[in-house]
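Residue-level structure breakdown
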Amino acid sequence: MSLSVKIMDEIKNAMRAKDTVALEALRAIKSEILLAQTASGSKEEITNEDEIKILQRLVKMRKDSASIFTTQNRPDLAEPELAQIAVIEKFLPAQLSEVEIEAIVSKIISETGASGIASMGKVMGLASAQIGGQAEGKTISAIVKKLLV
């Protein structure tokens with residue numbers, strides 16, 4: 001079952017439950033998927049990787065907003081953002097722990113023979129391709145930097 005079908009089912013459930021926070025998050029996902037489909041100029045289904053990137057971008061946007069609201073002492077605005085993050089993350093694959101990411105990155109470094117910060121781009125490219133949507137780019141970058149320095 002594709003992501004758009006799952007989203008439609010969840011939208012119906014959220015409407016029945018009168019869950020406005022979940023409904024808002026699900027409609028945002030649906031909107032981004034439709035925009036991605038029409039941006040390519042066709043009504044074809046977008047790839048699974050593209051769906052994961054869309055979901056990660058939506059989570060990142062909400063995390064950024066929530067942190068801004070928290071620093072401005074506006075918990076009333078931060079709470080809905082955090083609740084929407086929980087709804088969106090249900091559709092993301094299970095996230096890897098930092099230990100698992102570190103193991104993958106160190107394996108890539110040993111296979112490629114990378115050393116020094118100059119090799120960071122090559123290692124990041126391989127790590128991002130291998131880890132896929134199972135970790136944030138920021139986390140991967142921090143671990144790569146730590147292991148290469």
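Residues numbered from 1 in each chain as written. Predicted model: local features only at pLDDT ≥ 70, side-chain atom pairs only at ≥ 80, totals over all residues. Heavy atoms only, no water.

This part is about the overall build of the chain. When you go through the chain residue by residue, the secondary structure sums to seven helices and zero strands. Start at the N end of the chain and walk to the C end: the helices and strands fall as α-α-α-α-α-α-α. By its C-alpha atoms, the chain is 55 × 45 × 25 Å across when sized along the principal axes. Out of the 149 residues in the chain, the part that is buried amounts to 31%. Considering only intrachain contacts with a sequence separation of at least 6, the fraction spanning at least 24 residues in the chain is 60%. With 19 positive and 20 negative side-chain charges, the chain shows a spacing of 2 Å between the two charge centroids. (Helix = DSSP H or I, 4+ residues; strand = E, 2+ residues; numbered from the N terminus. Buried < 20%, exposed > 50% of the residue type's maximum accessible area, 1.4 Å probe, protein only. Contact = heavy atoms within 4.5 Å. Lys, Arg positive; Asp, Glu negative; His and termini not counted. Charge placed at Lys NZ, Arg CZ, Asp CG, Glu CD.)

Here we take up unusual backbone geometry. Phi at K18 is positive, roughly 55°, even though this residue is not glycine. Residue placement: K18 occurs in the loop between α1 (3–17) and α2 (20–39). The exposure class assigned to K18 is exposed, which follows from its relative accessible area of 71%. At N73, a residue that is not glycine, the phi angle is positive and equals roughly 60°.

A separate point is the packing of helix α3 (residues 48–71) against helix α4 (residues 75–89). Two elements in contact, α3 and α4, have axes separated by 8 Å at closest approach and are oriented at 160°. Classed by the angle they form, the pair α3 and α4 counts as roughly antiparallel. Once α3 is placed against α4, the crossing between them reads as left-handed. When α3 is examined against α4, the residues L55, L58, V59, R62, K63, S65, A66, F69 and T70 are found in contact with a partner set consisting of L77, A78, E81, L82, Q84, I85, I88 and E89. Taken together, the residues of the contact of α3 with α4 break down into 10 nonpolar, three polar and four charged. (Axes fitted to C-alpha atoms, helices over the stretch in contact; angles between N-to-C directions. Parallel < 35°, antiparallel > 145°, perpendicular 65-115°, else oblique. Left-handed = near helix turned anticlockwise from the far one by under 90°. Nonpolar A, V, L, I, M, F, W, Y, C, P; charged D, E, K, R; others polar.)

A few words now on the pattern of salt bridges. A complete count under the given rule lists six salt bridges for this structure. Here R57 and E32 are joined by a salt bridge, their closest N and O atoms 2.9 Å apart. You can see R57 sitting in helix α3 and its partner E32 sitting in helix α2, a full 25 residues away along the chain. For R57, a relative accessible area of 41% corresponds to the partly exposed category. R74 serves as the salt-bridge partner of D76, at 3.0 Å between the closest nitrogen and oxygen. (Salt bridge = Lys/Arg side-chain N within 4 Å of Asp/Glu carboxyl O.)

Another aspect to go through is the packing of α2 against α4. It is the contact of α2 with α4, at a shortest axis distance of 9 Å, that shows an interaxial angle of 60°. Classified by the angle their axes make, α2 and α4 are oblique. Every pair of crossing elements has a handedness; the one defined by α2 and α4 is right-handed. Where α2 approaches α4, its residues V21, A22, E24, A25, L26 and I29 are matched on the opposing element by P80, A83, Q84, V87 and I88. When the residues that make up the contact of α2 with α4 are grouped by side-chain class, the tally is nine nonpolar, one polar and one charged.

Moving on to the side chain of Q84. Looking at the element boundaries, Q84 is found in helix α4. Side-chain polar atoms of Q84 contact the side chain of R62, separated by 2.6 Å. Look past the residues within four positions of Q84 in its chain and what remains in contact with it is V21, E24, A25 and R62. (Polar contact = N/O pair within 3.5 Å; in protein donor to acceptor, adjacent residues only side chain to side chain.)

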